[in-house]
Amino acid sequence: MDLSSFNNVALEEFPTENGPADYALCVDGVIVAIVEAKKVSLGPQNILTQAERYAAGISDSPFNYSEFRVPFIYSTNGEIIWYHDLRNPLNRSRTVATFHTPEALAERLRENIDDSCRRLADRVNNHPMIRPYQAEANAAIEQGIRERKRQMLVAMATGTGKTYTMVNEIFRLMEAGVARRVLFLVDRRALAAQAVKAFASFEGRPGLKFDKTYEVYSQRFFREDFEADEKFDPSVIPSSYLLEPKPGHAFVYICTIQRMTINLFGRNAGLGSCDEPIDEDAEQMEIPIHAFDLIVADECHRGYTAAEQSVWRKTLDHFDAIKIGLTATPAAHTMAYFREIVYRYDYARAVREGFLVDYDAVALDSNVRMNGIFLQAGEQVGVIDARTGAQSFDNLEDERQFDTTEVERTITSPDSNRKILEEIRKYAEVHEERFGRFPKTLIFAVNDLPHTSHADQLVDLARDVFGKGDSFVQKITGKVDRPLQHIREFRNRPMPAVVVSVDMLSTGVDIPDLEFIVFLRPVKSRILFEQMLGRGTRKGERCSDKSHFVVFDGFGGTLLEYFRQATGITAEPPEKETRPIAQVIKEIWDNQDREYNARVLVRRLQRIDKEMSGDGRDMFAAYVPSGDLKRYAAGLQHALKEDFTGTMTLLRNPEFQHLLVHYPRPPRSILVAYDTVDEVSSQYLIRDSAGHEYKPEDYLSAFSQFVKENPEHIEAIRILLDRPRDWGTEALSELKQKLAATRYRFTVENLQNAYKVRYDKALVDIISMVKHAAREEEPLYTAEERIHRVLDRMALSSPLTPEQQQWIDRIREHLIANLSINKEDFEDIPIFANEGGWGKANRVFNGELPVLIQQWNEAIAV
């Protein structure tokens, strides 16, 4: 058959040597694809083998891929389309949303992914700003692409630079030609703005920023989405780039998934539950499935992988592209979509390698938080109308018990919240005394509801407790004006120093100098918990000496214990969107899983019975006897079996269905237990390498046992206990390193915290710790006390000259910080080297400095 005159057409019943194919797709006079179309009841995946048979039977074809005479095949039942690229045996068949356009097929024929992958492999990944583990992530992604994987998950701990890693990867893929049109998806405008800045600041080539090498586009932003002093000129993508993708186009498009969903499916696509503002200029567009070669889904643990039929997942599925998900918290439902974690860099490893900081834990023991609130008969309580905010007072006629789940939802205790904040203030004051700064503090409240907001109460009380004005303590939730601006101020300015939030600061916000995180809201989601913890894991920017952050568990340590026992990949189900009750009734009527849906309807009716007001019961009396929905629900399944049609007449009544949704509820109120007095205490929980928490006394017992059992294995312990003359810088270094490497993580900081709690002695030095652990009668000194004791007792043979005194003062300062000294320190440490180093110091002490160093070190270790 002469096909030269056929271009961009589908030829029906096309003859092959193995029988007629349903359709042959012809581009520029050449058959490039076979399509097998079957009836809806058949699964199209199984029909691909038939399409393969026809693909092998095409005569006079210029193609030959292991005996297949066309590059592409499809099978469809009219609802689902399966597609297979036959050119490489590693290519996997997959579903696609629609057929590729002729232009897309022609473009794919011109591509040579094998050559592109070879170019990629030849490119050394030696960007000076890329860390080793980020290069490992790049290598894992590239290996996955070479293996023809189309969906991959990269799991990297919060704060380890997922975005930066992917910017480097995208640059490498674009340079090699593996991907040219790239979609970078986020689910918040704030994250889109961060991504725009990340691409603009990345130097793909020396002296040349990414956006000067390749086009980088975004959606429309507002001035307040960026810092006041930042350059504000992100380029809005031309519509033609989305509607008419060209082979020569090479660009990155940064976009929220909400906007892309509207672009694909319109404003009625089901984004009603989304709390992210919808772009006013977003409109539906006919974007083809090949518009992008690569899609990167940032923070993919959130909504758009949460449910099988979710509209956001449908958005991802629309495009036939390589898809890479980024997350810090891989979950089972995320894995279900992205299929495989090709690279993981977890929090523990990041801490071990020094890229993130670990946390200390403090258990806040509150009687109210742990046991609830009990009110006596006759006790006066405040009653706040949640609708108007009006407050009245009531004297209880009988006693009432509220369990812990009702605290801050049904009832609140101002005394409890105040005492918790006062306990946190104690730790903040110690921190301020030690480091010279107030710790930036983030408090997670239970809710931020009008008139009954736990967040508002905490802000008001914290301003009293800390006593530093309104600007020192602020709320940042979706209810405040310009929350993104408040977040930037919290990140970049000294004030606010204390912020109360609920969910807004739980994910996607970078606050490197955050040092206290307080959990006063119960959390059951491991994903949310780890994301909230992740706010504190970054190393400090202005606080360059930030070595850790502190987590305050407002539930006596039970929150940390709960999540410590959870698995690394949580199996928690995604939050499912509840079907409308009218849909449940329709599916019963249509005999769709009738038994299951009847049970669902019974539970819905029982819930309505508990939630409706007396007026609601009167209104339901028009449909069911006495408006008793509970009794009606109890007999519903039996009624459906006995008289299905008659029972469904009421259930399908539109007015009855309207009442099932819009029934009157009683006015919500919250009680204020003004007379409830809480008992609040706290204690450090010291964590080992496996995440187990220890009370200070238990931790010190373990340390004492370790010291007594291990002098043969740690030479520095033997030196301190038996041979103080051998003490020096090397012994101290060995001691710190080997103690910290134990499973108990006997770091100086952990041990100091334990000694502070157990013996009320702050900043005990490591020498005292070891000696006291071996022999309890040994005294506890701070480093400053030890060095003053040594230098003041060791007088020189003659009175000090002024110059010798200056050197002694420098040596004293060094010894307090380091507990040892050696010859090399005089050349390496600036306070010595800048004053002439070893040669000058030794001359000042008349050549006696080697002997003095030996004596000082030995005296320090005694």
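Look above for the structure.
Notes on the structure in this doc start here. In this text, all values refer to a predicted model and were calculated from it rather than measured experimentally.

1. Thoughts on the overall build of the protein
Looking only at helices and strands, one finds 36 helices and 30 strands in the protein. Counting only C-alpha atoms and orienting by the principal axes, one finds that the protein spans roughly 110 × 80 × 55 Å. Buried residues in the protein amount to 52% of all 862 residues. As presented, the protein carries roughly 40100 Å² of accessible surface, and 48% of it is formed by carbon and sulfur atoms.

2. Let's talk about the packing of aromatic side chains
According to the stated counting rule, one finds 45 aromatic pairs in the structure shown. Aromatic pair Phe444 and Phe519: ring centres 5.8 Å apart, planes at 35 degrees, arrangement tilted. Highlighted residues: Phe444 in strand β23 (residues 440-444) and Phe519 in strand β26 (residues 514-519), separated in sequence by 75 residues. Side by side, Phe444 and Phe519 carry an identical accessibility label, which is buried. Relative to Phe529, the ring of Phe519 lies with its centre 5.2 Å away and its plane at 35 degrees, an arrangement referred to as tilted. Highlighted residues: Phe519 in strand β26 and Phe529 in helix α17 (residues 526-533), separated in sequence by ten residues. Each of the two residues, Phe519 as well as Phe529, counts as buried. An aromatic cluster of at least three residues, connected via ring pairs, comprises Tyr164, Phe171, Phe184, Phe199, Phe202, Phe210 and Tyr214. The ring of Trp589 has Arg652 sitting right over it, with the charged end atom 4.0 Å from the ring centre. The side chain of Arg758 reaches across the aromatic face of Tyr759, ending 4.8 Å from its centre.

3. Quick look at the pairing of strand β8 (residues 181-186)
Across the six residues that make up β8, a large majority, six, are buried. Because side chains alternate across β8, one face comprises the buried residues Arg181, Leu183 and Leu185, and the other comprises Val182, Phe184 and Val186, equally buried. The pairing of β8 with strand β13 (residues 251-256) spans six bridges and is classified as parallel. The partner of Leu183 across the bridge, within β13, is Tyr253. Direction of pairing for β8 relative to strand β14 (residues 294-297): parallel, over a ladder of four bridges. Residue pairing in the sheet places Val182 in a bridge with Leu294 of β14.

4. Observations regarding a negative patch on the surface
There is a patch of like negative charges on the surface, built from Asp394, Glu397, Asp398 and Glu399. Structurally, the position occupied by Glu397 is in the loop between β20 (391-395) and β21 (400-402). A relative accessible area of 81% places Glu397 in the exposed class.

5. Some words on empty space enclosed by the protein
Tallied over the full model, the rule gives two cavities of 30 Å³ or more. In this model, the largest cavity occupies a volume close to 50 Å³. If you go around the largest cavity, the residues you meet are Arg594, Glu595, Ala598, Gln637, Leu640 and Lys641. When contributions to the lining of the largest cavity are tallied by element, the ones reaching two or more residues are α20 (594-611) and α23 (636-642). Taken together, the residues that form the lining of the largest cavity break down as two nonpolar, one polar and three charged.

6. Side note on unusual backbone geometry
In the segment running from Met495 into Pro496, the intervening peptide bond is cis, with an omega of 10 degrees. Residue position: Pro496 is located in the loop between α16 (483-492) and β25 (498-501). Located in the positive-phi region is Glu13, a residue other than glycine, with phi close to 50 degrees. The phi dihedral of Arg482 is positive, around 50 degrees, even though this residue is not glycine. Overall, Arg482 belongs to the partly exposed group, its relative accessible area being 47%.

7. What about helix α32 (residues 802-818)?
Between the first and last C-alpha of α32 there are 24 Å, a value that for 17 residues agrees with the 24 Å anticipated at 1.5 Å per step. For α32, the complete set of buried residues consists of Gln804, Trp807, Ile808, Arg810, Ile811, Arg812, His814 and Leu815. Buried positions along α32 lie against α31 (783-793), α33 (825-828), α34 (830-833), α35 (837-844) and α36 (849-861). Within two residues after α32, Leu819 carries a phi angle of roughly 60 degrees, on the positive side.

8. Observations concerning the layout of surface pockets
For the second largest pocket, the calculated volume is near 1500 Å³. If you trace the second largest pocket, you find 50 residues lining it, with Tyr347, Ala348, Val351, Asp358 and Arg687 closest to the centre. Elements with a minimum of two residues in the lining of the second largest pocket: β7 (151-156), β16 (341-345), α12 (347-352), β17 (358-366), α17, α18 (558-564), α28 (729-740) and α29 (748-759). Examining the composition of the lining of the second largest pocket, we find that five residues originate from one element, α17, more than from any other.

9. Structural notes on the sheet that holds β23
With mixed pairing, eight strands are arranged side by side in an open sheet as β24-β25-β23-β26-β27-β17-β29-β30. The open sheet has two edge strands, β24 (473-475) and β30 (693-694), and neither has a second partner. As paired elements, β24 and β25 share three bridges and run parallel to each other. Residue pairing in the sheet places Val473 in a bridge with Val498 of β25. Relative to strand β29 (residues 680-687), α29 is tilted by about 150 degrees, and along the sheet it contacts β17, β27 (548-553) and β29.

10. Thoughts on the side chain of Arg810
Considering the arrangement of structural elements, one finds Arg810 in helix α32. On the accessibility criterion, Arg810 (17% relative accessible area) is buried. For Arg810, the residues in contact, after removing those within four places along its chain, are Ile831, Phe832 and Glu835.

11. Digging into the nonpolar core
Counting 53 residues, the largest nonpolar core has Phe703, Trp727, Leu735, Phe746, Phe826, Leu849 and Trp856 as its most contacted members. Here Phe703 is in contact with Leu739, Phe746, Leu751, Tyr755, Met769, Val770 and Ala773, once residues within four sequence places are set aside. The next biggest cluster of nonpolar side chains, apart from the first, holds 46 residues, and it includes Ala157, Val196, Val296 and Tyr345.

12. Structural notes on helix α15 (residues 454-466)
With 13 residues, α15 should reach 18 Å at 1.5 Å per residue; the first-to-last C-alpha distance of 18 Å fits that figure. Inspection of α15 places His454, Ala455, Gln457, Leu458, Val459, Leu461, Ala462, Val465 and Phe466 among the buried residues, and these make up the whole buried set. Where the residues of α15 are buried, they touch α13 (367-371), β22 (411-412), α14 (414-435), β23, β24 and β25. At the N-terminal boundary of α15, the capping side chain belongs to Ser453, with an oxygen 3.2 Å from the backbone nitrogen of Ala455. Residue Gly467 follows α15 closely and has a positive phi angle near 60 degrees.

13. Here we look at the sheet that holds strand β6 (residues 94-96)
Reading across the sheet, the six strands line up as β1-β2-β3-β4-β5-β6 and stay open at both edges, with mixed pairing between neighbours. The open sheet is flanked by β1 (9-14) and β6, the only strands paired with a single partner. Ignoring which end each strand starts from, the neighbouring axes of this sheet average 30 degrees apart. Inspection of the sheet shows strand β2 (residues 21-27) paired to strand β3 (residues 30-37) by five bridges, in the antiparallel sense. Counted as the bridge partner of Ala24 is Ile34 from β3. Across the sheet, helix α1 (residues 44-55) lies against β2, β3, β4 (72-76) and β5 (81-85), angled at about 140 degrees from β4, the strand it touches most. Packing against the sheet, helix α2 (residues 102-110) makes contact with β2, β3, β4, β5 and β6, and its axis sits at approximately 145 degrees to β4.

Parameters at a glance
Residues numbered from 1 in each chain as written. Predicted model: local features only at pLDDT ≥ 70, side-chain atom pairs only at ≥ 80, totals over all residues. Heavy atoms only, no water. Helix = DSSP H or I, 4+ residues; strand = E, 2+ residues; numbered from the N terminus. Buried < 20%, exposed > 50% of the residue type's maximum accessible area, 1.4 Å probe, protein only. Areas by Shrake-Rupley, 256 points an atom, 1.4 Å probe, with all protein chains shown as cover. Phe/Tyr/Trp six-rings, centres within 6.5 Å; stacked < 30°, edge-to-face > 60°. Lys NZ or Arg CZ within 6 Å of the ring centre and 35° of its normal. Pairing = 2+ DSSP bridges. Patch = residues over 30% accessible without salt bridge, like charges linked within 9 Å, V, L, I, M, F, W, Y side chains within 5 Å. Salt bridge = Lys/Arg side-chain N within 4 Å of Asp/Glu carboxyl O. Lys, Arg positive; Asp, Glu negative; His and termini not counted. Charge placed at Lys NZ, Arg CZ, Asp CG, Glu CD. 1 Å grid on protein atoms, 1.4 Å probe; cavity = no way out; pocket = protein on both sides within 12 Å on 5 of 7 lines; lining within 4 Å. Points joined across faces, edges and corners; volume = space filled by probe spheres on them. Nonpolar A, V, L, I, M, F, W, Y, C, P; charged D, E, K, R; others polar. Expected span 1.5 Å × (residues − 1). Contact = heavy atoms within 4.5 Å. Axes fitted to C-alpha atoms, helices over the stretch in contact; angles between N-to-C directions. Core = buried A, V, L, I, M, F, W, Y, C linked by side-chain atoms within 4.5 Å. Polar contact = N/O pair within 3.5 Å; in protein donor to acceptor, adjacent residues only side chain to side chain.

Read these as layout, nothing more, since geometry by itself doesn't imply function.
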